[in-house]
Amino acid sequence: MESPDERETSPPKSERRFALTYVGWSSLDRRTTLPMLPWLVAEIRRRSERGDCGPAVQPREVQLVLNPPFVRCVPSNSSSSSVFIFEHKAQLVSRFIHNSNDLTYFAYLTRCQPDNPESEMSCHVFRACDPNQVPEVISSIRQVSKSALKDDAKPKQEADEAFYNSQKFEVLYCGKVTVLLKKAPATLIDDCIDKFRLHEVERKRLRLLSGQRGSTESAPVEFLIGAEGDPLSSALNKSEDTEGPGVEVGRFEVNLISPDSKTVVLEKTFKDISSCCQGVKQSDHFGFICRDRAEDGPSQYGCYVFQCASESLVDEVMLTLKQAFTTAAALQSNKTQIQLCEACPMHDLHKLCERIEGLYPPRAKLAIQKYLSQLMDNEQADIFERVQRLKPGSDQEENELVVLHLRQLCGSKQKSHLHIGEAPLTKSESTRRHWIHMKILRQEKGDIYFLHVLSVSDHPDGRELLPLSPCLDPLGRLLPPAGDPFSGEKPKMTGPDYRALWKTAIHQQILLLRMEKENQRLEASRDELHTRKMKLHYLEVGQCSKEVQALWERKLTAPGRTTVPQDKEEVYRALSQGVPKSRRGEVWLLLSHQHRLRHRLPQRQQAPDTPYQDLLKQLTAQQHSILVDLGRTFPTIQYFSAQLGAGQLSLYNLLKAYSLLDTEVGYCQGISFLAGVLLLHMSEDQAFDMLKFLMYDLGIRQQFRPDMVSLQVQMYQLSRLLHDYHRDLYNHLEEHEIGPSLYAAPWFLTLFASQFPLNFVSRVFDFVFVEGTGVIFKVALCLLSSHEGAIVECDSFESIVDYLKTTLPTLTQAQMEQTIAKVVEMDISKQLHAYEVEYHVLQDEMLEAGPLPDDSDRLDKLEKTNVQLKKQNMELLEKLQAARHKIQTLETSVERFLSQESKMKHMIRTLEQERAAHQKTIERMRSCLPPDALTDVEMTQIKTGPNGKAKTAAKKP
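Thresholds, definitions, all that
- Residues numbered from 1 in each chain as written.
- Predicted model: local features only at pLDDT ≥ 70, side-chain atom pairs only at ≥ 80, totals over all residues.
- Heavy atoms only, no water.
- Axes fitted to C-alpha atoms, helices over the stretch in contact; angles between N-to-C directions.
- Helix = DSSP H or I, 4+ residues; strand = E, 2+ residues; numbered from the N terminus.
- Parallel < 35°, antiparallel > 145°, perpendicular 65-115°, else oblique.
- Contact = heavy atoms within 4.5 Å.
- Nonpolar A, V, L, I, M, F, W, Y, C, P; charged D, E, K, R; others polar.
- pLDDT = per-residue confidence, 0-100.
- Salt bridge = Lys/Arg side-chain N within 4 Å of Asp/Glu carboxyl O.
- Buried < 20%, exposed > 50% of the residue type's maximum accessible area, 1.4 Å probe, protein only.
- Core = buried A, V, L, I, M, F, W, Y, C linked by side-chain atoms within 4.5 Å.
- Patch = residues over 30% accessible without salt bridge, like charges linked within 9 Å, V, L, I, M, F, W, Y side chains within 5 Å.
- Areas by Shrake-Rupley, 256 points an atom, 1.4 Å probe, with all protein chains shown as cover.
- Expected span 1.5 Å × (residues − 1).
- Arc of directions from axis to C-beta.
- Polar contact = N/O pair within 3.5 Å; in protein donor to acceptor, adjacent residues only side chain to side chain.
- Pairing = 2+ DSSP bridges.
- Left-handed = near helix turned anticlockwise from the far one by under 90°.

Let's talk about the packing of helix α6 (residues 345-356) against helix α9 (residues 395-415)
Argument step 1. At a minimum axis distance of 8 Å, the contact between α6 and α9 shows a crossing angle of 155°. The angle between α6 and α9 falls in the class roughly antiparallel. When α6 is examined against α9, the residues P345, M346, L349 and L352 are found in contact with a partner set consisting of L406, R407, C410, G411, K413 and Q414.
Argument step 2. Its residues placed into classes, the contact of α6 with α9 shows 6 nonpolar, 2 polar and 2 charged.

Structural data, given as structure tokens:
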């Protein structure tokens with residue numbers, strides 16, 4: 001804490017303290033990158049818990065003091081900030097790590113001291129008592145760092161901070177052209193586009209001639225443009241029902257990432273790229289020429305052609321590539337502070353950590369073993385011996401230990417490493433360092449990718465990675481050992497022996513192939529289970545009993561559940577008792593089907609019926625806004641934490657498809673949180689359908705329209721609810737001029753997903769699918785009422801807003817359950833309807849009346865209008881109740897008449913059956929009587945008649 005003298009001489013600065021546990025720290029090489037940091041944190045944690053990764057360091061209770069511009073770590077039992085464990089400036093904090101399985105742990109990275117270029121970076125690891133405290137600590141450190149940077153006149157950008165930064169662009173892959181020259185003419189892109197179009201027209205003509213009008217096959221084209229410019233076309237079969245790619249531009253490499261397969265389909269280093277060019281006539285197209293190594297003959301060059309959403313985006317891509325080329329050249333020069341080349345050991349370790357980031361532990365273990373197979377035999381044996389000596393208990397623990405020893409090995413190699421150009425290289429070293437890794441998993445015309453230019457891809461040699469198990473020759477194991485060539489002995493093998501050997505070898509090969517397919521299927525299933533577990537990694541609000549789970553199981557498997565309406569009250573009661581999180585996505589789908597059965601939107605209000613896969617093939621002009629928000633959406637959830645990982649790519653696909661579907665709304669901040677919650681509980685296609693349901697069927701898209709009138713109405717309704725039900729809280733907020741739009745707008749735009757815990761948000765979504773947006777008012781009212789006392793105690797504008805935005809969302813499990821219980825019992829639908837009518841009437845009167853000369857007259861008129869509106873509202877409510885009662889009575893009468901009609905039909909069928917039985921009985925009796933008796937009976941019937949009355953005999957003439 002500052003002394004009184006210091007406070008008088010220096011401007012007052014806010015100081016914040018956080019009670020934490022200091023786990024430990026470690027210095028690290030300046031070439032350490034972001035993918036390496038989680039493994040470094042695991043090493044520090046293991047050292048503090050077990051002491052087997054170095055000198056044991058006991059965790060200690062500390063207070064992290066944020067006193068701009070310094071960050072101090074002081075012991076918890078110390079009352080003075082002058083005694084501290086460590087201290088540094090806040091602007092030196094460069095990275096935060098908070099994506100581990102244990103959310104109570106977090107760490108941050110401090111860059112080197114500006115005045116000491118030889119100083120090392122350091123990583124400090126802390127543990128919080130409550131996981132909800134971590135985001136607050138990180139946000140506070142960032143705020144202090146930003147304020148400190150503003151105080152500096154000219155903040156310098158460190159090279160290591162932006163070292164692995166990258167730019168991402170969505171592009172449409174058009175095709176590839178093979179050229180013999182590495183310098184492209186100005187009209188190359190235009191010529192390529194013309195050739196592509198001519199080939200497409202010719203392909204369609206041939207398809208029509210061959211009678212394949214229903215075929216959907218297409219082919220990207222490879223043309224060979226030589227000295228004379230003669231094109232040679234060759235078609236590659238493909239299917240058009242795939243998504244497209246994106247380009248990521250970094251410092252040393254260009255990557256093509258497919259949002260469909262979530263993999264890198266093409267990676268090229270800047271050394272392989274000879275030139276980049278933009279179309280002249282086709283200004284929204286660009287391409288770059290790369291060297292293609294050929295096994296036979298001279299190396300050729302291939303030009304990859306792409307299309308962007310607009311010409312301005314192409315200009316931005318070309319500028320980014322130019323800057324990336326310049327930066328890469330500068331970093332390779334001797335004047336660069338960070339010495340790095342393609343063969344650096346630390347860079348190899350970076351590529352490994354980048355490859356295994358976000359993988360399931362067994363899959364990551366396989367990747368690490370492939371990397372180990374490239375090391376020297378003595379290095380492999382040393383690492384294996386050290387890891388086995390520590391006896392890891394799981395795959396994750398073993399991976400952490402191996403990466404720990406690899407980091408030590410690469411660090412020691414880095415100290416004696418000679419960069420490219422520093423010393424003469426042998427032929428083998430030159431071959432190793434200048435080898436360029438190029439892997440194209442899929443080249444498809446019309447696909448959309450992310451162009452990613454980042455660090456250099458370096459592999460030791462040109463062959464593929466070694467398999468985990470040695471390659472066995474089936475015939476080599478079965479054949480007997482060959483005889484000695486000097487002794488003259490030859491093995492005596494007959495024809496049947498060779499056939500038997502071949503048969504056995506073929507059977508074993510078939511068995512190996514089957515086992516490989518089964519292993520792939522098991523790995524895919526395991527990855528799917530791991531991803532599902534990672535998505536649903538949250539505690540349920542209220543435990544679902546076995547009876548409730550069985551009830552939902554019956555509803556989800558009932559025949560006709562999507563075509564027959566179910567009892568709404570029964571569904572609501574089941575929803576109030578809880579929803580199993582493993583079936584939550586299916587429950588939401590069921591609830592959406594039931595809502596659409598009861599409330600059919602008019603045709604003009606329905607969402608456009610464009611297939612999801614067709615939308616993914618298009619380009620969006622809002623890609624930058626979407627890409628920026630990907631990292632801001634659920635950063636603490638592991639599924640979305642990996643940059644351009646499977647989670648972020650799925651989220652990008654969803655947001656892009658909706659921005660193309662709803663052109664009026666497009667993409668707005670807040671939609672990403674809605675899509676993120678849906679993706680955590682269902683697949684992409686299902687999430688897109690549910691996003692359309694939320695936006696169109698439930699009307700949430702009205703909040704995102706440019707005029708935002710719907711959001712203004714909701715803010716007025718919430719204010720009126722506080723005025724009528726919590727007058728003291730309403731007066732306190734009005735006294736400090738705090739309206740609902742300052743704190744409640746994110747609640748309505750994201751359905752509480754941007755600030756509140758995921759388990760609470762999931763329960764809110766449960767009720768939104770049944771009740772619509774009205775449940776947001778109930779949740780907001782319950783939250784504000786439960787914190788009313790604490791809010792009233794806040795005596796300043798800043799403290800109230802800070803409490804509403806940071807403290808209120810940190811709910812405990814008990815508070816969540818109490819809030820949901822109150823929401824179930826609350827009913828404010830009539831009030832919401834009345835407030836909405838009141839808002840529109842006030843708006844109309846304000847437009848008609850214009851400004852009033854006197855405020856008192858205006859206030860009197862508003863009060864009279866309010867009284868009249870309340871009276872009209874009550875009359876309308878009474879009429880509505882009477883109409884509902886009449887409708888209910890008529891429905892009851894209709895049901896009664898239908899029941900009576902059913903009974904009458906049943907009686908008629910019974911009488912008809914009795915009549916038929918009597919007729920059969922009469923026929924049998926007639927057959928038994930003699931003819932004379934039968935004649936008497938007929939005469940009797942004639943005399944009596946069918947009614948039993950005697951007839952008058954006709955007189956004979």
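On we go from here.
Details of the confidence of the model for the protein
Argument step 1. For the protein, per-residue confidence averages 77 on the pLDDT scale, and 77% of positions sit at 70 or higher.
Argument step 2. This model gives residues 212-244 a pLDDT under 50, and the stretch forms 90 contacts once residues within four places in sequence are excluded.
Argument step 3. The low-confidence segment residues 948-957 (pLDDT under 50) makes 8 contacts with residues lying over four places distant or belonging to another chain.

Some points on the pattern of salt bridges
Argument step 1. For the structure shown, the criterion picks out 32 salt bridges.
Argument step 2. R596 is the partner of D697 in a salt bridge, and the nearest nitrogen-oxygen pair spans 3.6 Å. One end of the pair, D697, is in helix α21 (residues 684-697); the other, R596, is in helix α15 (residues 584-598), and 101 residues separate them in sequence.
Argument step 3. Relative accessible area serves as the criterion here: at 19%, D697 is assigned to the buried category.

Details of the nonpolar core
Argument step 1. Ranked by size, the top nonpolar core spans 108 residues in total, and within it W747, F752 and F765 carry the most contacts.
Argument step 2. Not counting chain neighbours up to four residues away, the residues in contact with F752 comprise P746, W747, V761, V764, I776, V779, A780 and L783.

A word on the environment of W552
Argument step 1. If you trace the backbone, W552 turns up in helix α13 (residues 546-557).
Argument step 2. When the C-alpha positions of W552 and R584 are compared, they lie 9.8 Å apart, and in sequence the two are 32 residues distant.
Argument step 3. Sequence-distant contacts of W552, defined by excluding residues within four places in its chain, comprise V571, A574, L575, G578, V579, P580 and V587.

Quick notes on a nonpolar patch on the surface
Argument step 1. On the surface, Y498, W502, I506 and I510 cluster together into a nonpolar patch covering about 410 Å² of accessible area.
Argument step 2. As for its placement among the helices and strands, Y498 is situated in helix α12 (residues 495-535).

Overview of unusual backbone geometry
Argument step 1. Residues P68 and P69 are joined by a peptide bond in cis, for which omega reads 5°.
Argument step 2. Tracing the sequence through the fold places P69 in the loop between β2 (60-67) and β3 (70-75).
Argument step 3. The residue M708 is not glycine, and still its phi comes out positive at about 55°.
Argument step 4. Positive phi is not limited to glycine here, since L751 has a value of about 55°.
Argument step 5. Within the fold, L751 resides in the loop between α25 (745-750) and α26 (758-771).

Comments concerning helix α30 (residues 813-825)
Argument step 1. Between its terminal C-alpha atoms α30 stretches 19 Å, which fits the 18 Å expected from 13 residues at 1.5 Å a residue.
Argument step 2. Restricting attention to buried positions, one finds in α30 the residues M816, T819, I820 and V823. Buried positions in α30, seen along its axis, are confined to an arc of 95° and lie on one side of it. Facing away from the buried side of α30 by more than 90 degrees, the exposed set consists of Q818 and E825.

Quick notes on the side chain of R47
Argument step 1. With respect to the secondary-structure elements, R47 resides in helix α2 (residues 37-49).
Argument step 2. Its relative accessible area of 11% is what places R47 among the buried residues.
Argument step 3. Within the structure, the side chain of R47 is placed 3.2 Å from the backbone oxygen of W25, a separation counted as a polar contact.

A word on the sheet that holds strand β1 (residues 16-28)
Argument step 1. A sheet is described by the order of its strands in space; here 7 strands give the open sequence β4-β3-β2-β1-β7-β6-β5, paired in antiparallel fashion. Looking along the sheet, the strands with just one partner apiece sit at the ends: β4 (86-89) and β5 (93-97). In this sheet, adjacent strand axes meet at a mean angle of 35° when their direction is disregarded.
Argument step 2. Alignment of β2 against β3, held across 6 bridges, turns out to be antiparallel.

Side note on helix α20 (residues 671-679)
Argument step 1. Of all 9 residues in α20, 9 are buried, a share of seventy percent or more.
Argument step 2. Restricting attention to buried positions, one finds in α20 the residues I671, S672, F673, L674, A675, G676, V677, L678 and L679.

Side note on the environment of Q831
Argument step 1. Positionally, Q831 belongs in helix α31 (residues 829-849).
Argument step 2. A relative accessible area of 22% means that Q831 is categorised as partly exposed.
Argument step 3. Between the C-alpha atom of Q831 and that of L721, which follows or precedes it by 110 residues, the distance is 8.0 Å.
Argument step 4. Residues within four places of Q831 in sequence aside, it is in contact with L721 and Y725.

Overview of the packing of helix α19 (residues 646-661) against α21
Argument step 1. Two numbers describe how α19 lies on α21: the axes approach to 10 Å, and their chain directions differ by 45°. For the element pair α19 / α21, the angle class is oblique. Here the hand of the crossing between α19 and α21 comes out right-handed. Taking contact as the criterion, the partners of S650, N653, L654, A657, Y658 and L661 in α19 are, on α21, E684, A687, F688, L691, K692, M695 and Y696.
Argument step 2. Taken together, the residues of the contact of α19 with α21 break down into 9 nonpolar, 2 polar and 2 charged.

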